Amino acid sequence: MIVAIDGPSGAGKSTVAKAVAKELGFSCLDTGAMYRAVAWLALQKGVALDDDAALGELARGCELAFGHTPGDPAPKEVFVDGNDVTTAIRTAEIDKAVSPVSAAPSVREAMTAQQQRIGAAGDYVVEGRDIGTVVFPDAAVKVFLTASNEERAHRRVRQNVDRGVGSIDYAEVLADLVRRDEADSTRAAAPLRAADDAVQLDSTGRYIEDIIAEICGLAQGARDAGAR
């Protein structure tokens, strides 16, 4: 079974996806980390962020891997060609680079193929921006998770403080979120949007535990329907 969670940056997708996966006993796939890893590699290799052909070659040729802690469905480390980039892909520099990289059709094609192969191997909670629309259009559960711009910016600042990487300037983070929303929603390849059959959840002012419980309930309902 696939539980697809889409939504804009800072909506809480990663936190919710990890918790839902743990509750359901599923694995968790952070597709955003995959695009960030390709963006990191592009900067390291000096590849222009608007060069679709070169970015595609980079995405198809790199080896992405995740490190897991036993018993935890969420990956703890991200590796590109054997390099641990777990911290490196969460910087403000990558925040700015990931939108043009993820907009490249050749990169999306390469990452989608990898994500579909991974998802076909078992039960996954997959979060991103085009999971329910492109990567897994037949997912048993589709959720589009959002929140107000202000709340998303506050969350991202707190997250960056906790991680010790990324900007902690609220105005800068808010402006970057708005910029990413515009870029992700208007790109030609797999734009950010809710699938027609997705359940839309606004997490503004809500306890995260309630959001998690609601998605787990949707998954259980889909599981029960499939058993009948």
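Everything that follows concerns the structure shown earlier in this document.
About the thresholds
- Residues numbered from 1 in each chain as written.
- Predicted model: local features only at pLDDT ≥ 70, side-chain atom pairs only at ≥ 80, totals over all residues.
- Heavy atoms only, no water.
- 1 Å grid on protein atoms, 1.4 Å probe; cavity = no way out; pocket = protein on both sides within 12 Å on 5 of 7 lines; lining within 4 Å.
- Points joined across faces, edges and corners; volume = space filled by probe spheres on them.
- Helix = DSSP H or I, 4+ residues; strand = E, 2+ residues; numbered from the N terminus.
- Nonpolar A, V, L, I, M, F, W, Y, C, P; charged D, E, K, R; others polar.
- Axes fitted to C-alpha atoms, helices over the stretch in contact; angles between N-to-C directions.
- Left-handed = near helix turned anticlockwise from the far one by under 90°.
- Contact = heavy atoms within 4.5 Å.
- Expected span 1.5 Å × (residues − 1).
- Buried < 20%, exposed > 50% of the residue type's maximum accessible area, 1.4 Å probe, protein only.
- Polar contact = N/O pair within 3.5 Å; in protein donor to acceptor, adjacent residues only side chain to side chain.
- Pairing = 2+ DSSP bridges.

On to the layout of surface pockets, then. In this structure, the largest pocket spans a volume of roughly 660 Å³. With seven residues, the top contributor of residues to the lining of the largest pocket is helix H7 (residues 149-163). Here the lining of the largest pocket is built from residues that sort into five nonpolar, eleven polar and 16 charged. As a volume, the second largest pocket reaches approximately 380 Å³.

Below, the discussion takes up the packing of helix H2 (residues 31-45) against helix H3 (residues 52-61). How two helices sit against one another is set out by the angle between their axes and by the gap between those axes. Direction vectors running N to C along H2 and H3 enclose 115 degrees, while the axes themselves pass 10 Å from each other. Note on packing geometry: the crossing formed by H2 with H3 is right-handed. Taking contact as the criterion, the partners of Val-38, Leu-41, Ala-42 and Lys-45 in H2 are, on H3, Leu-55, Leu-58 and Ala-59. Along the lines of polarity and charge, the residues of the contact of H2 with H3 split into six nonpolar, no polar and one charged.

Let's shift gears to H2. For H2, spanning 15 residues, the distance from its first C-alpha to its last is 21 Å, which sits close to the expected 21 Å at 1.5 Å a residue. In terms of residue burial, H2 counts as a mostly covered element, since eleven of its 15 residues are buried. Thr-31, Ala-33, Met-34, Tyr-35, Arg-36, Ala-37, Val-38, Ala-39, Trp-40, Leu-41 and Ala-42 are the residues of H2 that are buried. With a side-chain oxygen positioned 3.1 Å from the backbone nitrogen of Gly-32, the residue opening H2 is Asp-30.

Before going further, it helps to examine the pairing of strand E7 (residues 141-146). E7 sits mainly inside the fold: five of its six residues count as buried. For strand E1 (residues 2-6) and E7, the ladder comprises four bridges, and the chain directions are parallel. Directly across from Val-3, in E7, lies its bridge partner Val-141.

Bringing the sheet that holds E7 into the picture now. Pairing is parallel across the open sheet formed by five strands, whose spatial order is E2-E6-E1-E7-E8. Here the strands that pair on one side only, and so sit at the sheet edges, are strand E2 (27-30) and strand E8 (199-202). Averaged over all pairs of adjacent strands, the angle between strand axes in this sheet comes to 20 degrees, irrespective of strand direction. With four bridges joining them, E2 and strand E6 (residues 124-128) adopt parallel strand pairing. Following the sheet pairing, Asp-30 is matched in E6 by Glu-127. Across the face of the sheet, helix H1 (residues 13-24) comes into contact with E1, E2, E6 and E7 while running at roughly 175 degrees to E6. Against the sheet, H2 touches E2 and E6, its axis set at about 35 degrees to E2.

Our focus in this paragraph is the side chain of Asp-130. Here Asp-130 is to be found in the loop between E6 and helix H6 (131-135). Sequence-distant contacts of Asp-130, defined by excluding residues within four places in its chain, comprise Asp-6, Arg-108, Thr-112, Val-135 and Ala-190.

If you trace the three strands from one edge of the open sheet to the other, you get E3-E4-E5, paired in antiparallel fashion. The two strands at the open ends of the sheet, each matched to only one other strand, are strand E3 (64-68) and strand E5 (83-84). Against the sheet, H2 touches E3, strand E4 (75-80) and E5, its axis set at about 35 degrees to E4.

The next subject is empty space enclosed by the protein. Tallied over the full model, the rule gives one cavity of 30 Å³ or more. Considering only enclosed or pocket space, the largest cavity measures out at about 80 Å³ in volume. Lining the largest cavity we find Ala-92, Asp-95, Lys-96, Arg-156, Asn-160, Ser-167, Glu-172, Val-173, Asp-176 and Leu-177. For the lining of the largest cavity, the secondary-structure elements that each account for two or more residues are helix H4 (92-103), H7 and helix H8 (170-186).

Below, the discussion takes up the environment of Arg-36. Of note, Arg-36 is situated in helix H2. Taking the relative accessible area as the measure of exposure, Arg-36 reaches 6% and is therefore buried. Along the sequence, Arg-36 and Ala-97 sit 61 residues apart, while their C-alpha atoms lie 8.1 Å from each other. Discounting chain neighbours no more than four positions away, the residues touching Arg-36 are Ile-89, Arg-90, Thr-91, Ile-94, Asp-95, Val-98, Arg-156 and Arg-180. Side-chain polar atoms of Arg-36 contact the side chain of Asp-95, separated by 2.8 Å.

Taken by themselves, the reported measurements are silent on function.
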